Amino acid sequence: MWTLEKARGLHDAPFNNLLFLAHTVHRQNFDPNKVQLSRLLSIKTGGCPEDCGYCSQSAHHETGLKASKLMEVKRVITEATKARDAGATRYCMGAAWRNPKPRDMDAVVAMVEGVKALGMETCMTLGMLDLEQAARLKQAGLDYYNHNIDTSERYYGEVISTRSFADRLDTLENVRQSGIKVCCGGIVGMGEEPVDRIHMLVTLANLPEHPESVPINMLIPIPGTPLADASPIEPIEFVRMIALARIMMPKSHVRLSAGRSAMTDEMQALCFFAGANSIFVGDTLLTAGNPGQDKDMLLFRRLGIERMELEAQ
């Protein structure tokens, strides 16, 4: 059981000591020179009824993003095939919903089955799930479900009012009970205090089982959202979060997620050293920018990093 005091003691340690410990833990559990490549596709964009302060897809914010209908299954499979052929081993599909409606489930299930048939791992993020929906996605072959807690329970209400922190934990429990692997992390740089970031990781590390994937997102300020003018997190502070996540959840894939376009190569290299071993490739993440795959592969060659092969099912 992790306490805030224990986690804060690690977080606040001299930077070199923290990185040395994180890298040691990383080497004990993973090949430090292999990184998992995932691809993310927005299968339904915009018009979300939630008011998440960071999100361009919320119907509450004037971001200029037009809402779209759910993408056709055939097109999703075509895009997944391109991602697989470009080296991605996991395909993540996201819909801007509060929760999926019964009318949407047949198409979502067909997407999961189609991507699985390509030999890829599958991940969905569709908002809140009840136990019946989670069980149906598991039956379709869904490997991972992403549902972030975003921040600490204390700071959560400053960012979102339409869904409670407890709602998020309930969805995680439904996903876990169904047998689907959990992908859960958060966003830093939303105006929170360092203690909120640490508390977020304590919450994740104290779940009944650690999430198999832990995405750490650096806020991308979107014009028109309440967090458009948020001050960016210091690079060293961000690396500390990656290191702490690695130490607290040693066997989880720690994903360097949103915000990489604003990171220097050196900052990303430090994150990989500190224990990040998963990234999203492609030039977009749902609606935000992301480094192009050519740039990522160039960085990988400079660092001697190779693509992580798909784990045996």
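Residues numbered from 1 in each chain as written. Predicted model: local features only at pLDDT ≥ 70, side-chain atom pairs only at ≥ 80, totals over all residues. Heavy atoms only, no water.

Student: Would you mind showing me how to read the overall build of the chain here?
Tutor: Within the chain, the secondary structure is distributed over 11 helices and 12 strands. In terms of overall size, the chain behaves like a compact globule, its C-alpha atoms giving a radius of gyration of 18 Å where 313 residues would be expected to give roughly 20 Å. When its C-alpha atoms are laid out on the principal axes, the chain stretches across 55 × 40 × 35 Å. In the chain, which comprises 313 residues, the share counted as buried stands at 57%. Long-range pairs, those at least 24 residues apart, make up 75% of the contacts in the chain between residues at least 6 apart in sequence. Approximately 13500 Å² of the chain is accessible, and the part contributed by carbon and sulfur atoms is 52%. Charged side chains in the chain number 34 positive and 38 negative. The centres of these two groups are separated by 5 Å. (Helix = DSSP H or I, 4+ residues; strand = E, 2+ residues; numbered from the N terminus. Rg over C-alpha atoms; globule rule 2.2 N^0.38 Å. Buried < 20%, exposed > 50% of the residue type's maximum accessible area, 1.4 Å probe, protein only. Contact = heavy atoms within 4.5 Å. Areas by Shrake-Rupley, 256 points an atom, 1.4 Å probe, with all protein chains shown as cover. Lys, Arg positive; Asp, Glu negative; His and termini not counted. Charge placed at Lys NZ, Arg CZ, Asp CG, Glu CD.)

Student: Sorry if this is basic, but what is going on with the environment of Asn 217 here?
Tutor: With respect to the helices, strands and loops of the structure, Asn 217 is situated in strand S7 (residues 213–218). The exposure class of Asn 217 is buried, given its relative accessible area of 12%. Distance in space between the C-alpha atoms of Asn 217 and Ala 95 is 18 Å, their sequence separation being 122 residues. Excluding residues that lie within four positions of it along the chain, Asn 217 makes contacts with Asn 148, Gly 186, Ile 187, Val 188, Phe 238, Ser 257 and Ala 258.

Student: Can you walk me through the packing of aromatic side chains in this structure?
Tutor: Each aromatic ring pair is specified by the distance between its two centres and by the angle formed by the two planes. Applying the stated criterion across every chain yields a total of 2 aromatic pairs. An angle of 80° between the planes, with centres 5.9 Å apart, marks the rings of Phe 272 and Phe 300 as edge-to-face. On the criterion of sequence distance, the pair formed by Phe 272 in helix H10 (residues 265–274) and Phe 300 in helix H11 (residues 293–303) is long-range, its members being 28 residues apart. Classification of Phe 300 as buried rests on a relative accessible area of 4%. Above the ring of Trp 2, the side-chain terminus of Lys 6 is found at 4.6 Å from the ring centroid. When the ring centre of Tyr 144 is taken as origin, the NZ or CZ atom of Arg 90, which lies over that ring, is 3.6 Å away. (Phe/Tyr/Trp six-rings, centres within 6.5 Å; stacked < 30°, edge-to-face > 60°. Lys NZ or Arg CZ within 6 Å of the ring centre and 35° of its normal.)

Student: Looking at this model, I keep getting lost on the environment of Val 202. Mind explaining?
Tutor: Its location among the elements puts Val 202 in helix H8 (residues 194–205). On the basis of relative accessibility, which here comes to 7%, the residue Val 202 falls in the buried class. Remark: the alpha-carbon pair of Val 202 and Ala 7, spanning 195 residues in sequence, is separated by 7.2 Å. Apart from the residues lying within four places of it in its own chain, the contact partners of Val 202 are Trp 2, Thr 3, Leu 4, Ala 7 and Met 248.

Student: Please explain helix H3 (residues 73–85) as it appears in this structure.
Tutor: Because the α-helix completes a turn every 3.6 residues, residues three or four places apart line up on one side. A rise of 1.5 Å per residue sets the reference length of H3, with its 13 residues, at 18 Å; its end C-alpha atoms lie 19 Å apart and thus fit the reference within 8%. Three or more residues of H3 are buried, namely Val 76, Ile 77, Ala 80 and Ala 83. Each buried residue of H3 sits inside an arc of 120° when the element is viewed along its axis, so together they form one side. Among the exposed residues of H3, those pointing more than 90 degrees away from its buried face are Lys 74, Lys 82 and Asp 85. Buried-residue contacts for H3 involve strand S1 (34–44), strand S2 (90–95) and helix H4 (102–116). Backbone geometry just downstream of H3 places Gly 87 in the positive-phi region, at approximately 110°. (Expected span 1.5 Å × (residues − 1). Arc of directions from axis to C-beta.)

Student: Honestly, unusual backbone geometry in this entry has me stumped. Any pointers?
Tutor: Generally, phi is negative for residues other than glycine and the peptide bonds are trans, each holding for most cases. Unlike most non-glycine residues, Asp 150 shows phi in positive territory, near 75°. Tracing the chain through its elements places Asp 150 in the loop between strand S4 (144–146) and helix H6 (153–156). A relative accessible area of 2% places Asp 150 in the buried class.

Student: Please explain the nonpolar core as it appears in this structure.
Tutor: What tends to happen in soluble globular proteins is that the nonpolar side chains get buried as a cluster. Of all hydrophobic cores here, the largest spans 91 residues; its most connected members are Ile 43, Met 124, Leu 137, Leu 201 and Phe 238. The dominant element in this core, judged by the number of residues it contributes, is helix H9 (residues 235–248), at 9 residues. Sequence-distant contacts of Leu 137, that is, excluding residues within four places in its chain, are made with Met 105, Val 108, Val 112, Leu 126, Leu 129, Leu 142, Tyr 145 and Ile 180. Ranked by size, the runner-up nonpolar core spans 6 residues in total, among them Leu 40, Cys 92, Cys 123 and Phe 280. (Core = buried A, V, L, I, M, F, W, Y, C linked by side-chain atoms within 4.5 Å.)

Student: Got a minute to help me understand the side chain of Arg 240 in this structure?
Tutor: With respect to the element layout, Arg 240 can be found in helix H9. On the basis of relative accessible area, Arg 240 is assigned to the buried category, the value being 12%. Residues contacting Arg 240, with those up to four places away along its chain left out, are His 11, Asp 12, Ala 13, Pro 14, Phe 15 and Leu 18.

Student: Help me understand the pairing of strand S3 (residues 121–125) in this model?
Tutor: For a regular strand, side chains alternate in direction, first toward one face of the sheet and then toward the other. Here S3 lies mainly inside the structure; 5 of its 5 residues are buried. Neither face of S3 is exposed, since Glu 121, Cys 123 and Thr 125 on one face and Thr 122 and Met 124 on the opposite face are all buried. Looking at chain direction, S2 and S3 are connected through 5 bridges and run parallel. When the sheet's bridge partners are listed, Gly 94 is paired in S3 with Thr 125. Following the chain from S2 across H4 to the adjacent parallel S3, one finds a crossover that is right-handed. Where S3 meets S4, 2 bridges bridge the pair, whose relative direction is parallel. (Pairing = 2+ DSSP bridges. Right-handed = clockwise from strand over helix to strand, strands pointing away.)

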